[in-house]
Structures are given as C-alpha cells and as structure tokens.
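Results of the structural survey
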Amino acid sequence: MSGKLIRWGIASAGKISEDFVIALSTLPASDHKVVAVAARSQDRAAEFAKKHEIPTAYGSYEELAKSKDVDVVYIGVLNPQHYEVSLLMLNSGKHVLCEKPLAMNQKQVQGILAAAKANKRFFMEAVWSRFFPSYQHVRQLIQAGTLGEVKEVVVNFGFPMPNVDRLQKRELGGGVVYDLGIYTIQVAQWAFQEAPQKIESSGSTNAEGIDDDVSATLTYSGGRTARMRFSSKEKLDNLAVIKGSKGQVTLVDFWTPNKLIDIDGKEKEWLPPKGKHTTNYANSEAMRYEAEAVRQSILAGDVENKNVTYADSLLFAHIEDTIRTQIGVLNKFDAE
C-alpha cells in the first residue's frame, strides 16, 4: 500500500464483479485502483480487463492470490465458491471483501473467520446495504432514542425470477434464503442489535428441492418480532418498516435504499453518482459506500468493520441455517 491508495484485485469476471468495478470508478482514483482481475478462464478475465482498463488479467484465482500488487480482493464468485476463494486469498495474505451470503453454512463461515484471524487480515462480508446513508440515518435514529424502543420490523423482498439459475439451481448454491434472505435477516438485526430468541419459518421449494418462497418470524427479547418474507415467485413491496414505540421509519427498496420515509413522514433521499459504464443491477454504484468503508478500515489497521462484524456474519449464517433446516433444504456442505 502506498499512502492512502488501496489496490484492488477482483476475483470473478461476472456481473456483480463488473458492478463493483463500476462503483469503484465513482471514487477518487487517488484512493482506489483496480490493478488485477481473475477468472477461471484467461479470455474472460482479459475481456473484462480491457473493458474496465485494468492492467492485469489472470486465468486463475491462484495467480491473483500470489500477486504482490494487490492489497485487497473483492470476491464475486458464485455462492458455493466463497469459502475456498476466501481461504485462498486470506492465506495468501490478502485483505478480503466477500460477497454475501458469506458461505453455504455457519461451519464454513467459522472456517473463513478463523483464517482471517490467523492471518491478521481485514475481512468483511459484503452486506452493502448497511453502508448506505439511509441505513446510517436509521442507526442514528435508534441510538438517539428518536424511534423509542424498536418493537417490530416488517420486511418483504421478492421478484419473480424463475429463470435465474443462481437462485434456482442446487449446484450453483441456489435458494432464496441465501440470495434474498440474507438481506431481510440483516435489516432485522440492524434494528434489534441482538440475537433472536426464537426462529419460526415455513416455505415452498422448486422442482430441485431449493427454497423459492419463505416466510419467517424472528422473536427477540420482550416478545418483539421481525416478520419477513422473501420470494423468487412474486413481486413484493420490497420495504423494510422499522416500528418503534415513538414512531416508524421505512426503507424503500430496502436492500439498495437511496430513499426512506422518515419518522416525520417526510421522504429523504441520497443519490450516488453514476459510473463510467451502466451497471448490470439497479443502483450498484452504491457499492462505493462499502468499498470506501473497507479502505478506511484497512488504513486504520482494523481487521473487521463495525457495520458488518465477524459476529454479525456468524449470526446471519446461524439464522440462515436454522431457516433452511426448518423448511427442509440442506446442501452437500451441511453433511461435510
């Protein structure tokens, strides 16, 4: 690392990795530089590197792990590969930002975090929502007592996605618990800041036995609840409503919320700048917030970030595992 510049390596040349690189392009070039990209094929990496003006393209993740020019690696591979690629990068001395869901179960999450601790490297699950100005505003409302005691969270996340393979196929780590549930779980935890005392869930599965529509209720101390539904079968309202004893606040498109309805009923909005290219997914430019948080943490010598701690990731995985078990969706990693 030189001065305040953080040099990024990108593991995977897929759509989410592309969006992350576009988000980085909205930040000062003196602070963030993408120096390498790796994919399982040299051609894909080279094509990605050319489009985004990245100096080095690797045809394997091992080569990226060995690079002396990379400070931190963004991991955008498919869910089942998060564990092995995170371990590879951490054990090679790289700081890591890994896409959510962090791993296929809590045991894998424990393995990743153990490697991060052993190597004394910064590590974070990329729960990008928590770095939005809107989430930070909600946290301030709760901490200041403006909302009063948080009593209930109601959150829904759904889109019809019958042909999205990474959601529907077992070998790609499919299932709405992983892809959508992580979002509803993390917003509930953002509001309550304690582990749920009870988890009750039900859901349906597709032809492959993968969860495609799930409802869950998490019960916290004092009988307070988070009620959530996440679905790849139908469009839901995609709001997170946090209800306190003194009022409520609503995060609009809560996983990527530029906008919220504040406790006074008025709308607040924060818009990220656009990048050099059009993103694959809506509002991905806002990944800039988590990227800058990673930089600040690394420069401060921190190994975790207060917005998504190791303990947070362990708890997310525990809740995901519990819901999957209750609806009868296990994977090959659970048996290992």
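Residues numbered from 1 in each chain as written. Predicted model: local features only at pLDDT ≥ 70, side-chain atom pairs only at ≥ 80, totals over all residues. Heavy atoms only, no water.

1. A word on the packing of aromatic side chains
Operational definition: Pairing of aromatic side chains requires ring centres within 6.5 Å, counting the rings of Phe and Tyr and the six-membered ring of Trp. Pairs whose planes differ by under 30 degrees are stacked, by over 60 edge-to-face, and all others tilted. Per-residue accessibility, obtained with a 1.4 Å probe over protein chains only, is compared with the maximum for each type, and a residue is labelled buried under 20%, exposed over 50%, and partly exposed between these values. We count a charge as sitting over a ring when the NZ of a lysine or the CZ of an arginine lies within 6 Å of the ring centre and within 35 degrees of the ring normal.
With the rule as written, the count across this model stands at 12 aromatic pairs. Pairing Trp-128 with Phe-132 gives two aromatic rings, centres 5.2 Å apart and planes at 75°, and the pair type is edge-to-face. Both residues of the pair, Trp-128 and Phe-132, count as buried. Among the aromatic residues, those joined into a ring-pair cluster are Phe-157, Phe-159, Tyr-183, Phe-254 and Trp-255. Above the face of the Trp-190 ring, Arg-139 is positioned so that its terminal group lies 3.7 Å from the ring centre.

2. A few points about the UniProt feature "domain: Gfo/Idh/MocA-like oxidoreductase N-terminal" (unreviewed entry) in the protein
The criterion, for reference: UniProt positions are given in the numbering used here, feature names are shortened, and annotations may be inferred rather than shown by experiment. Helix and strand assignments come from DSSP, with helices taken as H or I runs of at least 4 residues and strands as E runs of at least 2, each series counted from the N terminus.
According to UniProt, the positions carrying the feature "domain: Gfo/Idh/MocA-like oxidoreductase N-terminal" (unreviewed entry) are residues 6–124. The straight-line gap between the two end C-alpha atoms of residues 6–124 is 16 Å; of that span, 42% is helix and 23% is strand.

3. Side note on unusual backbone geometry
The peptide bond linking Lys-100 to Pro-101 adopts the cis configuration, its omega dihedral lying at -10°. Mapped onto the secondary structure, Pro-101 falls in the loop between strand 5 (95–99) and helix 5 (106–119). Not every positive phi belongs to a glycine, and Gln-193 is a case in point at roughly 60°. Within the element layout of this structure, Gln-193 appears in the loop between helix 8 (176–192) and strand 8 (198–205). Accessibility expressed as a relative area gives 51% for Gln-193, which makes it exposed. In this model, Asp-253 sits at a positive phi of 50°, which is unusual for a non-glycine residue. Counting through the fold element by element, Asp-253 comes out in the loop between strand 12 (247–252) and strand 13 (259–261).

4. Re the sheet that holds strand 14 (residues 267–269)
Cut-off, in case you're wondering: A pair of strands counts as paired when DSSP detects no fewer than two bridges linking them. In this analysis, axes come from line fits to C-alpha atoms, helices being fitted only over the stretch in contact, and the angle between any two N-to-C directions falls in the range 0 to 180 degrees.
On the basis of which strands lie adjacent, the open sheet formed by eight strands has the order 8-9-10-7-11-12-13-14 and mixed pairing. Bordering the open sheet on either side are strand 8 and strand 14, each of which pairs with just one other strand. When strand polarity is set aside, the average angle formed by the axes of neighbouring strands in this sheet is 10°. Two strands pair when backbone bridges link them, and strand 8 and strand 9 (residues 211–219) are joined in this way by eight bridges, in the antiparallel orientation.

5. Focus: the pattern of salt bridges
Quick reminder of the rule: A pair is scored as a salt bridge if a Lys or Arg side-chain nitrogen falls within 4 Å of a carboxyl oxygen belonging to Asp or Glu.
This model, assessed by the stated rule, comprises 20 salt bridges. Lys-51 is the salt-bridge partner of Glu-18, the closest N and O atoms lying 2.9 Å from each other. Placement of the pair is Glu-18 in helix 1 (residues 15–24) and Lys-51 in helix 2 (residues 42–51), with a sequence separation of 33 residues. Residue Lys-198 is joined to Glu-200 by a salt bridge in which the shortest nitrogen-to-oxygen separation is 4.0 Å.

6. Here's the deal with empty space enclosed by the protein
Put simply, the test is: Using protein atoms alone on a 1 Å grid, points that fit a 1.4 Å probe yet trap it form a cavity, whereas open point sets bounded by protein on both sides within 12 Å along at least five of seven lines form a pocket; residues with an atom within 4 Å of a point count as lining. Grid points are joined across faces, edges and corners, and a volume is the space filled by probe spheres set on the points.
One pass over the full model with this rule turns up one cavity of 30 Å³ or more. Roughly 60 Å³ of volume is contained in the largest cavity. Forming the walls of the largest cavity are Met-104, Arg-170, Gly-173, Gly-174, Tyr-178, Ile-210, Asp-211, Arg-324, Val-329, Leu-330 and Asn-331.

7. Some words on the UniProt feature "domain: GFO/IDH/MocA-like oxidoreductase" (unreviewed entry) in the protein
Mapped onto this structure's residue numbering, the UniProt feature "domain: GFO/IDH/MocA-like oxidoreductase" (unreviewed entry) falls at residues 135–249. The span residues 135–249 is 26% helix and 37% strand, and its two end C-alpha atoms sit 11 Å from each other.

8. Describing the packing of helix 1 against helix 9 (residues 287–299)
Definition in use: The scheme is simple: roughly parallel for angles under 35 degrees, roughly antiparallel for over 145, roughly perpendicular for 65 to 115, oblique for anything else. The contact criterion used throughout is that any non-hydrogen atoms of two residues lie within 4.5 Å. Classification used: nonpolar for Ala, Val, Leu, Ile, Met, Phe, Trp, Tyr, Cys and Pro, charged for Asp, Glu, Lys and Arg, polar for all others including Gly.
Interaxial distance between helix 1 and helix 9 falls to 8 Å at its minimum, and their mutual angle equals 75°. Compared by their axis directions, helix 1 and helix 9 come out roughly perpendicular. Contacts between helix 1 and helix 9 involve Ile-16, Asp-19, Phe-20, Ala-23 and Leu-24 from the first element and Met-287, Arg-288, Glu-290 and Ala-291 from the second. Residues belonging to the contact of helix 1 with helix 9 are distributed by class as follows: six nonpolar, no polar and three charged.

9. Here's the deal with the layout of surface pockets
Roughly 1,100 Å³ of volume is contained in the largest pocket. Looking at the largest pocket, it is lined by 36 residues, and the ones nearest its centre are Lys-15, Ile-16, Arg-166, Asp-179 and Tyr-281. Elements that contribute at least two residues to the lining of the largest pocket include exactly helix 1 and helix 8. If one sorts the elements of the lining of the largest pocket by residue count, helix 8 sits on top with five residues. Of the residues assigned to the lining of the largest pocket, the class counts are 21 nonpolar, eight polar and seven charged. Roughly 370 Å³ of internal volume is contained in the second largest pocket. Residue lining of the second largest pocket: 17 residues in total, with Ser-25, Val-34, His-52, Glu-53 and Lys-276 positioned closest to the centre. At the level of elements, helix 1 and strand 2 (32–38) are the ones that each hand at least two residues to the lining of the second largest pocket. Its residues assigned to classes, the lining of the second largest pocket shows nine nonpolar, four polar and four charged.

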